[in-house]
Amino acid sequence: MITENNLILIGKAGDKEICLNPSQLNRHGFIAGASGTGKTVTLKVIAESLSELGVPTVIADVKGDLSGMIVPGDEDGIRERWQSMGIKEYDVKKYPVHFFDVYQKTGHPIRSVMQEMGPMLLSRIMDLTDAQQGVLNIIFRIAKDMELEILDLKDLQAMAIYVGEHAKEYTAKYGNVAKQSVGAIQRKLLELETEGGDLFFGQPALEIEDWMVTEKGMGVMNMIECEELFQHPLLYSTFLLWMLNELYEKLPEVGDLDKPKIVFFFDEAHLLFDSAPKQLLQKIEQTVRLIRSKGVSVFFITQNPTDIPNSVLSQLSHRIQHSLRAYTPSEIKNVKVAADAFRANPDFDTFEAITALKTGQALVSALDEDGAPTIVQKTKILPPHSSMKIADSYKVQYAIESDSIYGKYERTIDNQSAYEDLPDIYAAEDEMKAKAEEAKQQEKEEAARKKAEEREAAREAAKKKTWQEQMARKASNKLQNELVNMGVRSAKKLLKNLLK
């Protein structure tokens, strides 16, 4: 509900209106509380008011119970609550919703092109070591140098195999390509594929601009079906970080605005932070800190604010705390931490109030127009305008098929990329190897032929030499015989002359 001053009325503390100032929403916030205490109602009230202000939202629907936004609420069922809060005029209505689903079952597909996400972001998502990250960088660089596109998961898997097989060849030029690192990357990619990464990475990629739209002056609620997605923490982390990173990269710096450009609600946030690797948490912290200058607001919805890392929690200035239980020592400690996060109200004890809140009540501290946190107030949350029930599946399907972007993302496009190009490269390499082998064989045969010719020439030369030697010996023997015969004749003649 929007007040005359364009503030978001979320409830009342007695007669005092408790509002969120849209100009301060880029300081982010959280909605916390035990199951069944009214967190979903609070989320709906804020999201509905933002829609009325013309601000689009992106809502991660983890429990599958937010589809009722497309159906007007039950006026009879909430009239008593309106009246108990002194609200005379309060209508029911439906809101424009675009449904999305990474698994492509109950909404428009959400896809991202892998090379646009890049090796740095992928390394953090997959929790790779420095050495493995270095190899992933090399894989992307080699693909670029080879003019190969890495668009989807199978492209990167194919490139990892190719680089692993050619590791020795690439090490001299790009640096050490350890086969162990390549193997680790392949295992992480297989894990990502198992969780549905083959659906998330591909084309056509979602254009973030399609989330930042209005219909008839109302901000569109982009509902992300996460009931299945949050059960796959690696892909859920991938999706979350890609989404925030896309906004940070593509939106211009705008500073402080009178209202945010878009607001994100991440339900059951503890499911994300419980399993996120350290590098991913650091990236989320950095992105949440920097993205507010782009006019983007983020709300985390969780059971206990201690579920959110301190580095992220410290950046959440709008705090809405529903009831928490405090039976065990650890629960009491958590309640104390939650109570200490508020600016104290002298009229009540914050710790006691948190454990005594009824369903539909919350402790609220927001930022005033000067950016200072307000004193915590015990607040009765307004009922939403739309239905609290899950919308019938046929109504959801009708909403999907009749919205402004239907047909844009429904058909998968598998463009020519590394996976399709690598078989030709392998074939060319095999052909080159075959030609090299053939040339090597021809060279070997030519060398053998020359060697045989040399041996034959040597044999002929040896035979000729032997024959010449034989002739020389015969001539020598003949000459010797001639000389001997001449000597004998000369001696006989001399002897004959002497005898005369």
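Going by the structure above, here's the rest.
Here the residue index of a chain counts from 1 through its sequence in written order. The predicted nature of this model means local features are confined to residues of pLDDT at least 70 and side-chain atom pairs, given and counted, to a pLDDT of 80 or more, with totals for whole chains, interfaces and linings taken over all residues. Values reported for side chains reflect all heavy atoms of the structure, with hydrogen atoms and water molecules removed beforehand.

## Re the packing of aromatic side chains
Turning to step 1, where the next piece is worked out: Between the rings of Phe, Tyr and Trp (Trp by its six-membered ring), a pair exists once the centres lie within 6.5 Å; its type follows the angle of the planes, with under 30 degrees stacked, over 60 edge-to-face, and the other angles tilted. What the rule picks out here adds up to 13 aromatic pairs.
Turning to step 2, where the next piece is worked out: With a centroid separation of 5.7 Å and 65 degrees between ring planes, the pair formed by tyrosine 170 and tyrosine 174 is classed as edge-to-face. Pair noted here: tyrosine 170 and tyrosine 174 are both in helix α6 (residues 167-174), with a separation of four residues, about one helical turn.
Turning to step 3, where the next piece is worked out: Chaining the aromatic ring pairs together yields one cluster made of Phe100, Phe200, Phe201, Trp211, Phe239, Trp242, Phe264, Phe266 and Phe300.
Turning to step 4, where the next piece is worked out: Over the face of the ring belonging to tyrosine 248 we find lysine 294, whose NZ or CZ atom lies 4.7 Å from the ring centre.
Turning to step 5, where the next piece is worked out: Taking the ring centre of phenylalanine 348 as reference, the NZ or CZ of lysine 378 above it sits at 5.2 Å. Numbering of helices and strands starts at the N terminus; helices are DSSP runs of H or I of at least 4 residues and strands are runs of E of at least 2. Charges are assigned to positions over rings by a cutoff of 6 Å between ring centre and Lys NZ or Arg CZ, combined with an angular limit of 35 degrees from the ring normal.

## Thoughts on the side chain of aspartate 61
Turning to step 1, where the next piece is worked out: With respect to the helices, strands and loops of the structure, aspartate 61 is situated in strand β4 (residues 57-61).
Turning to step 2, where the next piece is worked out: At 6.4 Å, lysine 63 is the nearest oppositely charged side chain to aspartate 61, a buried residue that forms no salt bridge.
Turning to step 3, where the next piece is worked out: Looking at aspartate 61, its side chain comes within polar contact range of the main-chain nitrogen of aspartate 65, at 3.2 Å.
Turning to step 4, where the next piece is worked out: Contacts are assigned to residue pairs with any non-hydrogen atoms lying within 4.5 Å of each other. Apart from the residues within four sequence positions on either side, aspartate 61 is in contact with Leu66, Ser67, Met223, Ile224, Glu225, Cys226 and Glu227. Buried means the residue's accessible area, taken with a 1.4 Å probe over protein chains only, is under 20% of the maximum for its type, while exposed means over 50%, and partly exposed covers the values in between. When charges are counted, Lys and Arg contribute as positive and Asp and Glu as negative, whereas His and the chain ends are disregarded. Every case where a carboxyl oxygen of Asp or Glu lies within 4 Å of a side-chain nitrogen of Lys or Arg is listed as a salt bridge. Polar contact is the term for a pair of N or O atoms within 3.5 Å; when the atoms are in protein, one must be able to donate a hydrogen and the other to accept it, and sequence-neighboring residues count only if both atoms are side-chain atoms.

## A closer look at the environment of arginine 325
Turning to step 1, where the next piece is worked out: With respect to the helices and strands, arginine 325 occurs in the loop between β12 (318-321) and α13 (329-340).
Turning to step 2, where the next piece is worked out: Once the C-alpha coordinates of arginine 325 and alanine 34 are considered, the two residues, 291 residues apart in sequence, prove to be 7.2 Å apart.
Turning to step 3, where the next piece is worked out: When neighbours within four sequence positions are excluded, arginine 325 is seen to be in contact with Ala34, Ser35, Glu331 and Val335.

## Some words on the nonpolar core
In a soluble, globular protein the nonpolar side chains are often hidden away together inside.
Turning to step 1, where the next piece is worked out: The biggest cluster of nonpolar side chains holds 81 residues, and the ones touching the most others in it are Trp211 and Phe239.
Turning to step 2, where the next piece is worked out: Of the residues forming this core, the biggest block, 10 residues, is contributed by helix α9 (residues 233-250).
Turning to step 3, where the next piece is worked out: Here, nonpolar core means buried Ala, Val, Leu, Ile, Met, Phe, Trp, Tyr and Cys residues that are tied together by side-chain atoms lying within 4.5 Å of each other. Leu20, Phe99, Val263 and Ile400 belong to the second largest nonpolar core, which has 46 residues in total.

## Focus: the packing of helix α4 (residues 130-145) against helix α7 (residues 179-194)
Turning to step 1, where the next piece is worked out: Fitted lines through C-alpha atoms give the axes, limited to the stretch in contact for helices. The angle between two N-to-C directions lies from 0 to 180 degrees. Put simply, α4 and α7 touch, their axes get as near as 9 Å, and they point 85 degrees apart. The angle between the axes of α4 and α7 places the two elements in the roughly perpendicular class. The segment α4 lies against α7, with Ala131, Gln132, Val135, Leu136 and Ile139 engaging Ser181, Val182, Ala184 and Ile185.
Turning to step 2, where the next piece is worked out: A class-by-class count of the residues in the contact of α4 with α7 yields seven nonpolar, two polar and no charged. Note on terminology: angles under 35 degrees are roughly parallel, angles over 145 are roughly antiparallel, angles of 65 to 115 are roughly perpendicular, and the others are oblique. Residue classes follow a fixed rule: Ala, Val, Leu, Ile, Met, Phe, Trp, Tyr, Cys and Pro count as nonpolar, while Asp, Glu, Lys and Arg count as charged, and any other residue, Gly among them, counts as polar.

## Focus on α4
Turning to step 1, where the next piece is worked out: Its 16 residues give α4 an end-to-end C-alpha distance of 22 Å, which sits within 8% of 22 Å, the value for a rise of 1.5 Å per residue.
Turning to step 2, where the next piece is worked out: Turning to α4, its buried residues number three or more, namely Gln132, Gln133, Val135, Leu136, Ile138, Ile139, Phe140, Ile142 and Ala143.
Turning to step 3, where the next piece is worked out: Note on α4: the residue one or two positions beyond its end, glutamate 147, has a positive phi of about 60 degrees. Expected span of a helix, by definition, is 1.5 Å for each gap between consecutive residues, and there is one gap fewer than residues.

## Focus on the pattern of salt bridges
Turning to step 1, where the next piece is worked out: In the structure shown here, the tally under the stated rule is 17 salt bridges.
Turning to step 2, where the next piece is worked out: Ionic pairing is found between lysine 408 and aspartate 210, a salt bridge with its closest N-O pair at 2.8 Å. Of this pair, lysine 408 sits in the loop between α15 (393-402) and α16 (418-499) while aspartate 210 sits in the loop between α8 (197-200) and β7 (214-215), and the two are 198 residues apart along the sequence.
Turning to step 3, where the next piece is worked out: Residue lysine 408 is classed as partly exposed on the basis of its relative accessible area of 36%.
Turning to step 4, where the next piece is worked out: What makes aspartate 210 buried here is its relative accessible area of 11%.
Turning to step 5, where the next piece is worked out: The salt bridge partner of glutamate 446 is arginine 449, with a shortest N-O separation of 2.3 Å. Placement of the pair is glutamate 446 and arginine 449 together in helix α16, with a separation of three residues, close to one helical turn.
Turning to step 6, where the next piece is worked out: Judged by relative accessible area, which is 37%, arginine 449 ranks as partly exposed.

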